[in-house]
Each structure stands twice: as structure tokens, then as C-alpha cells.
Amino acid sequence: MRILVFTTLYPNAAAPTHGVFVENRLHAYLKKYDADIRVVAPVPWFPFSHGVFGRYASFARAPAHEVRDSIAVYHPRYWLAPKIGMTRAPYSLAACLRRTLDALRAEGWTPDLIDAHYLYPDGAAAAAVARERNIPLALTARGSDVTLLPEYDEPCARILDAVVEADAVITVADALKTRLVDLGAPAEKIETLRNGVDLDLFRPLDRERIHRVLDLSGPVLVSVGHLIERKGHHLVIDALADIPEATLLIVGDGEERRALKRQAKRLGLADRVRFAGAVPHRDLVDIYNAADVLVLASSREGWPNVLLEAMACGTPCVATDVGGNAEVVSSPGAGLLAPARTAEAIAGAVNKLLAAPPARSATRAHAEAHSWNETVYGMHGIFSELAGKAKRERRIAATPIKTADTGAPKLIVTVDTEEIFDWSDFSTGAFSLAAPGDIDGFQSLCEQVGARPLYFMTYPLLKSANVACYYWAKADRGLADCGLHMHPWVTPPEEALSGEYYSYQKNYPAAVRREKKHALADAYKAVFGRRALAHRAGRYGVARDSYPMLAEIGVRYDFSPSAGFDFSSTGGADFTGYSNFPFRIVTPDGAIDVSPVTGARAIRHTQRFLSQETASPGFAAPRRRPFTEPARLTPEGTSLDTLMALTRRLIADKTPVLTFTLHSTSLTKGANPYAPDAAGVDRILTVTRDYLSWFQNSVGGSFISLDELGALYNDREDLAA
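The shown structure was predicted, so the numbers you read here are calculated from the model rather than taken from an experiment. (Residues numbered from 1 in each chain as written. Predicted model: local features only at pLDDT ≥ 70, side-chain atom pairs only at ≥ 80, totals over all residues. Heavy atoms only, no water.)

Draft legend 1. Highlighting a nonpolar patch on the surface. Taken together, Phe 48, Val 52, Phe 53 and Tyr 56 make up a surface patch of nonpolar side chains, about 400 Å² in accessible area. Following the sequence through the fold, Phe 48 ends up in the loop between strand S3 (43-44) and helix H2 (55-61). On the basis of relative accessibility, which here comes to 45%, the residue Phe 48 falls in the partly exposed class. (Patch = residues over 30% accessible without salt bridge, like charges linked within 9 Å, V, L, I, M, F, W, Y side chains within 5 Å. Areas by Shrake-Rupley, 256 points an atom, 1.4 Å probe, with all protein chains shown as cover. Salt bridge = Lys/Arg side-chain N within 4 Å of Asp/Glu carboxyl O. Helix = DSSP H or I, 4+ residues; strand = E, 2+ residues; numbered from the N terminus. Buried < 20%, exposed > 50% of the residue type's maximum accessible area, 1.4 Å probe, protein only.)

Draft legend 2. Expanded view of the sheet that holds strand S12 (residues 247-251). Spatial ordering of the open sheet is given by S13-S12-S11-S14-S15-S16, a layout of six strands whose pairing is parallel. Each edge of the open sheet is held by one strand with a lone partner, namely strand S13 (273-277) and strand S16 (335-338). Strand after strand, the sheet turns through a mean of 20° between neighbouring axes, direction not considered. The pairing of strand S14 (residues 293-296) with strand S15 (residues 317-320) spans three bridges and is parallel. (Pairing = 2+ DSSP bridges. Axes fitted to C-alpha atoms, helices over the stretch in contact; angles between N-to-C directions.)

Draft legend 3. Broad picture of the environment of Thr 638. Mapped onto the elements, Thr 638 comes out in the loop between strand S28 (628-632) and helix H22 (640-652). Taking the C-alpha atoms as reference points, Thr 638 and Arg 98, 540 residues apart in sequence, are found 37 Å from one another. Once you skip the residues sitting within four places of it in the chain, Thr 638 turns out to touch Arg 632, Leu 643, Arg 683 and Val 687. For Thr 638, the side chain forms a polar contact with the main-chain oxygen of Thr 634, separated by 3.3 Å. (Contact = heavy atoms within 4.5 Å. Polar contact = N/O pair within 3.5 Å; in protein donor to acceptor, adjacent residues only side chain to side chain.)

Draft legend 4. Region of interest: the pattern of salt bridges. In total, this model carries 28 salt bridges according to the counting rule given. Between Arg 133 and Asp 102 there is a salt bridge; the shortest N-O distance is 3.1 Å. Of this pair, Arg 133 sits in helix H4 (residues 119-133) while Asp 102 sits in helix H3 (residues 85-106), placing them 31 residues apart in sequence. For Arg 133, a relative accessible area of 23% corresponds to the partly exposed category. A salt bridge links Glu 368 to Arg 364; the nearest nitrogen and oxygen atoms lie 3.1 Å apart. Placement of the pair is Glu 368 and Arg 364 together in helix H15 (residues 360-368), with a separation of four residues, close to one helical turn.

Draft legend 5. Local environment of the pairing of strand S2 (residues 36-40). The buried count for S2 comes to four of five residues, which makes it a mostly enclosed element. Where strand S1 (residues 2-6) lies against S2, five bridges are found, and the strand directions are parallel. Paired with Val 5 across the strands is Val 39, a residue of S2. With helix H1 (residues 20-32) bridging S1 and its parallel neighbour S2, the resulting β-α-β unit is right-handed. Of the pairings in the sheet, the one linking S2 to strand S5 (residues 71-74) comprises three bridges and is parallel in character. The residue of S5 that forms the bridge with Val 39 is Val 73. (Right-handed = clockwise from strand over helix to strand, strands pointing away.)

Draft legend 6. Spatial organisation of helix H12 (residues 305-312). With eight of its eight residues buried, H12 lies for the most part within the structure. Considered for burial, the residues of H12 that qualify are Asn 305, Val 306, Leu 307, Leu 308, Glu 309, Ala 310, Met 311 and Ala 312. After H12 finishes, the residue Gly 314 shows a positive phi value of roughly 90°.

Draft legend 7. Local environment of the nonpolar core. Among the nonpolar cores identified, the biggest contains 100 residues, and Phe 6, Ile 114, Leu 180 and Leu 294 are the most heavily contacted of them. Sort the elements by how many residues they give to this core and H4 lands first, with eight residues. Residues contacting Leu 180, with those up to four places away along its chain left out, are Leu 119, Ala 141, Val 146, Ile 159, Val 163, Val 169, Thr 171, Ala 185 and Ile 190. In terms of nonpolar packing, the next biggest core, distinct from the first, is built from 71 residues, Leu 411, Tyr 471, Leu 484 and Val 542 among them. (Core = buried A, V, L, I, M, F, W, Y, C linked by side-chain atoms within 4.5 Å.)

Draft legend 8. View of the sheet that holds S5. Spatially, the eight strands line up as an open sheet ordered S4-S5-S2-S1-S7-S8-S9-S10, and their pairing is mixed. Only two strands of the sheet have a single partner each, and these edge strands are strand S4 (65-68) and strand S10 (190-192). Neighbour-to-neighbour, the strand axes of the sheet open up by a mean angle of 25°, direction not taken into account. Examined bridge by bridge, strand S8 (residues 137-141) and strand S9 (residues 168-171) share four bridges and lie parallel to one another. Residue Ala 141 lies in a different strand from S9, and its bridge partner there is Thr 171. Taken strand by strand, helix H7 (residues 174-183) contacts S8, S9 and S10, and its axis lies near 160° from that of S10.

Draft legend 9. Representation of helix H23 (residues 678-697) in the model. With 20 residues, H23 should reach 28 Å at 1.5 Å per residue; the first-to-last C-alpha distance of 28 Å fits that figure. Within H23 the residues assigned to the buried category are Gly 680, Val 681, Ile 684, Val 687, Thr 688, Tyr 691, Leu 692, Trp 694 and Phe 695. Among the structural elements, strand S18 (410-417), helix H17 (440-449), H22, strand S29 (658-663) and strand S30 (702-703) are those in contact with the buried residues of H23. Between the side-chain oxygen at the start of H23 and the backbone nitrogen of Ala 679 there is a gap of 3.2 Å, and the oxygen is on Asp 677. (Expected span 1.5 Å × (residues − 1).)

Draft legend 10. Broad picture of the pairing of S8. Among the five residues that make up S8, five are buried, leaving the element largely enclosed by the rest of the structure. Residues Leu 137, Leu 139 and Ala 141 point to one face of S8 and Ala 138 and Thr 140 to the other, with burial holding for every one of them. Note that strand S7 (residues 113-117) and S8 share four bridges and pair parallel. Residue pairing for S8: Ile 114 is matched across the bridge by Leu 137. Since S7 and S8 lie parallel, the crossover through H4 that links them has a hand, and here it is right-handed.

Draft legend 11. Broad picture of the packing of H22 against H23. Packing of H22 against H23 leaves a shortest axis separation of 10 Å and a crossing angle of 35°. Here H22 runs over H23; the crossing is right-handed. From H22, Leu 640, Leu 643, Met 644, Thr 647 and Arg 648 reach across to H23, where they touch Val 687, Asp 690, Tyr 691, Trp 694 and Phe 695. Counted by class, the contact of H22 with H23 contains seven nonpolar, one polar and two charged residues. (Left-handed = near helix turned anticlockwise from the far one by under 90°. Nonpolar A, V, L, I, M, F, W, Y, C, P; charged D, E, K, R; others polar.)

Draft legend 12. The arrangement of the environment of Ile 228 in detail. With respect to the secondary-structure elements, Ile 228 resides in the loop between strand S11 (220-224) and helix H9 (233-240). Ile 228 sits 170 residues away from Ser 58 along the chain, and the two C-alpha atoms are 18 Å apart. Setting aside residues no more than four positions away along its own chain, Ile 228 makes contact with His 233, Glu 255 and Glu 256.

Draft legend 13. A look at the packing of aromatic side chains. Under the defined criterion, the tally for this structure stands at 26 aromatic pairs. Ring geometry for Trp 45 versus Trp 79: centroids 5.7 Å apart, planes at 40°, classification tilted. Here Trp 45 is found in the loop between S3 and H2, whereas its partner Trp 79 is found in the loop between strand S6 (77-78) and H3, with 34 residues between them in sequence. On the basis of relative accessibility, which here comes to 46%, the residue Trp 45 falls in the partly exposed class. Where Phe 426 meets Trp 489, the ring centres are 5.3 Å apart and the plane angle is 75°; that geometry is what we call edge-to-face. Pair noted here: Phe 426 is in the loop between strand S19 (420-421) and strand S20 (431-432) and Trp 489 is in the loop between strand S22 (481-486) and helix H20 (510-528), with a separation of 63 residues, a long-range link. The same class applies to Phe 426 as to Trp 489, namely buried. Through a chain of ring-to-ring contacts, the aromatic side chains of Phe 421, Trp 423, Phe 426, Trp 489 and Tyr 674 assemble into a single cluster. If you follow Arg 158 out to its NZ or CZ, it ends over the ring of Tyr 91, 5.0 Å from the centre. When the ring centre of Phe 565 is taken as origin, the NZ or CZ atom of Arg 632, which lies over that ring, is 3.9 Å away. (Phe/Tyr/Trp six-rings, centres within 6.5 Å; stacked < 30°, edge-to-face > 60°. Lys NZ or Arg CZ within 6 Å of the ring centre and 35° of its normal.)

Pasting the structure below:
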């Protein structure tokens, strides 16, 4: 398994403690499982390495490439501009990741998945590149990327986009998962895998010896972390005034060092507060063993490793009740939570713990329940699933379909034939069925111009004898074709998955998708006496690995991609790079010919459409086209002038088959937003009539049926064999 780890939170030779928790998790994984891992840990660009520039100098001193514990680590530079860095960093990081991926590919190394840490900007950058390169993505949320950054509008939007785009999301504490769900993330794709502790490294040692070496006596408190305001070292110093005879060791470095020293001196505590500076991670074991209590006074946390590391050494903790702290300090042996983030509350909790400390063996036992085992087992399950997905999708190749140029443009008319439901709900319970007669006006219009519409039918319609009989009769008389339309929220088996993210069938587990497809196909066969040949995914939510499943149920023609459109912000696919030309996918159960819903992007507020033919037909990477908006051949919300302009663009591109589409509910007043009333239905019919007439009489186009489409795409008998 090839795993690319992507994060700005990773140690390097110039900053050996930076992001050590990510490195620790990776090492814990490699102790259990073999994997070929490369780490891409970008570092902000800075030109000067002199120590006068403080932490910025360490950016310049970080090597471009190093090997840490047999793992290749790359440190490409990215631009982090003052003041605007928060908004621009995802783009700069994405550029770093693209360059490194290209370099690794040139060496013959391509990842099976990306394991990215910290949702913003790292996760946002990884999500963009993973989508472009079709690489499965796992994200890990670690703390302030969930508790702080979502307070800002743009980071919040990008974080949710990244979570939706990712194949799996890990949080290091349940509190972080709850917060993400509250923000609108789908709970079902988020799994909590807490950080563990290295019980071999962090263990009880001879405290008396350590006290002699460090010249310590009396109660000893330790506060570990960067010397920044949110870590709360200033509160611990204030609390020390009410903790008699105690010595405080502050471990870490940062911008608050001078201010904290002045504070200790002002309070007359300078002789009781020691600043140890930054300490190598492995050396913290002596510090933890020296302490009677570790104090963590943070204002925000994810799952703080320092708590478990101290407990593993037998040292109980006092922590503020923020983030995942309560999940760590969760037993009497672990210590106490301060009732408030104040010096008084912290001093009270420390004094209480010093007066009646738990046995150090009990504290160690609490830590032993939090080894890395459970976490790495969970990681391996996620990574194995994503690597398997990557390998399956690599085997699903698309080949352009070559069609003979017969001169006149061709068009197939399709209808998403569905139940009436709340388009903002996507739940399983509330829907109704339109009267079959509502389709008569549209059907008559098609018959008048010689078009044979293709009705994609959802499960509720197929299970309604009255509705199913109507469409069976049309198909039996050769007036229409019928196929499958997959609305997963109304197709059995029922799943406890709801909301917009799961309105796209691509987001269901593969096994569930397969069951639903078979249930839909069986319902169709019960009505028509044969398998359906055509399919369209509801809401265009098709996934590459769905095509072998479609072949299993007999589908030979798919109309799911919508060229030029991007549904990724709500969990759907991104078709912005797709060609309008058809392509073929060959599976063990037969070939499937894919006809995208024809569309293109126009310069915003104009009818000047740009060519969509920028990539070969088939699966294509997203393509960003700023200041453009998409349109497809549909009478729903589209004017006749726009339809004609789009058609001219498609004909100029020599698109072999144009696909005209609408929803059946647009023909029932009040059934969907396109037809809020009778006037809305009339408008849909009028635009449809005028467009089909224009296409036939002014353009000289012709309409084709599903059978004729198959003939155009070459006779399929040889493929079936």
C-alpha cells in the first residue's frame, strides 16, 4: 500500500518538535503494518536563516528533503503572505502537492491514497488535488481546525467542502466530530480515532533520581506547550501564587516567553517558575516523571497528547474542560478537570489533587487503556478500503466511442421520471406520485415531432401499478423507451443515511449501492418483463466504481454525467472537465456506453458558450473556469435563446448526440421549483415545443431513440458476446 502523508504539521531537522503528534501516529501505524509511505510536509518560504528572525529562521533552515526514521520526507516551500495568508494558503499548498506528486510520478511512485492532517489549509488543499487526480483521500481533524477556524466564513466553507470531498474523515476526539456535524458535515463518514500514547517510551522512572538531577523539591507542577496565549501558561503562573511551596516547570518556547518571565517576576514567583525551553519529545519522559501534577490550561484542544504521556509516567493531570480534554481526564486516576478556565479554579483543582493524589499505578493504568492499538487498527481499515477503491477504479477505463459523421445533428429526449418530494429534504418518508396523465401533453408533443422519449423511472413509480402500467403501455406501443432512475433515499434497502450528501448514490457504501441497484432492476423487470438497458443516477450522482454494478444488472447505456456541472460542494461529482462525447466502459459483465447530458459553460451573464471539448471523452479531471456558469439542454429555468446558443456551440464542436432532459414533475403544477403553478408547466411545454421545432426545422436535426443510439455507437452484438 502506497500512502502519501500531507501536512504542514510534521517535524523537520530545524523544528524537531513541530507536529510530532502526526509523526507519532505514523510510527505507531508502521509498527503494526507494512506500507510504502512518503511524507510531504510543506514549509513556509522565508529567505533568512539567521537566529535573529526567530521561528521564521527555522523555515529557511528546514531541508528540502530528509529521511526521518527510514521515511522520506519532502519539505517544498509555499508562499504564506502576511495578513492574506489564511485565505491564500490552500492554493499555495495545493501547488506544492501537485509539484511533488508530479516529481514522485516521474520516479515511478504513485500513491494509493492521501492521508492529510489538519482540515485548513492543509485539508482544503489536499481535497482539491485529490479530486483533480482521482486519488482517495482521508482527512484528520486535530483541534483548532474545528474549534476555531470555522468561526471565519471562508475557512469554514473550505473545511466543509474538504470534509464532503474526502472519502473518510478522522477526528481525534468525539467533541471534534460533534462540532463538525453541527457545522453541517455528514456524521456517517466521520470516525473518531483518538491519539494513543507510546507506553514503552513514556513510563514511570525513578522520581527521586530525576528530582536530584533537576534540583527539585516540594510539589512540582509542569505546563507543556508552545508559549502562546491559548495554552494558558499565564493562568498557571497566576495559580501558582495559591499553591504553597510548589515549583512550576514550563516546557516550550514561543512568543510569550518574555511576557511570562515578567509576569512571574511581578508576582514574586521568579524563583518558583523555571523555563525549560523546547525539549526534545523523547526527553519529556523525565519532565513528566518529575511532576506531581501536569497542568493544561488551554482555551482550545483536540486530543492533547501531553495528558496521556504524563499519565503513562504515573503523573495525574489538571486540565480545562475544552475540546477532548474531558475524554482524556475521564477517571479518578487520570486527575481532575478545572471547573473554569481561571487561575482560581486551576489552583483549587491542583490543591485538591495534591491533597489526595491517586496512586501513580492507577494513573498509569488509565493511560494503558489508551494505547495506539485501537487507533492503528481503525486507520488500517480506512486505508485498506481506500487503497482497494483506488485499485478498483484504476481497472475501470474509458474508451472514446467513434461515431460516423452522418451530417445532421442528432438529439435524444430524456425524462427523469420520479416521485414528488421536497427537493431540500431527501428523506425516505415524504413523497407522492403525480397522475400519469400529467405526462400526456409532453408525450403528445414528442410524438408530433417524431421523438421517442426515454423515461428513467424511480422505484416508487415502478412499484405503483397505475403509474407503471402507463409507461409500460407507451413502451409496448413503441412510443417511448424506459430505463432506471436511482433515487437512493426511496430505493430499498432502507438505510439510516439522510440529507443532501446521501442524496447522491455515489456516497453510499459499495455494498449498499449494489443492493439498491439490484432492487431497482428487479422492480423494473417485474413491470416490463426484461432488464432495463438504460440508467441515469438521480442528481447525476454517479461514481466510477458504480459501472461494474450497473453492468451486473444488465444496463448497457448510462446517461449520468452532466458535462460542465460541478456538484461537489454538496457531495456530488464534478463534471466540469468532461467532454460531451460518448465513451465506453468494458466490464466483466458487459460494456456500458455513457452519453453525458450535453452542456457547457458560458461567460457569466452572456450566451457566449465555451467549448467543453478540452479533454478526451471519458473520466476527466475538474476544470476551473472562473466567471462562467453552466447550462444544459433543458427547458427548466433555461430560455429558448440560451438553448439555441448552447446547441450552436455543441454543433460547432461536432457533438455526435445531444441530450435534451427534464423532470417529469415539471409537468405537474406545484410539484417542483421549476413548475410552481400551471403557468410554470405551460412555460416548460412551450419552451420544449419551440426548441424541438427549431432543432428539427431550422437546424435540420433529427431525433433518435435508444435503439438508434445503440446503432450509432456501433452494433453491440459483438460486445455482448
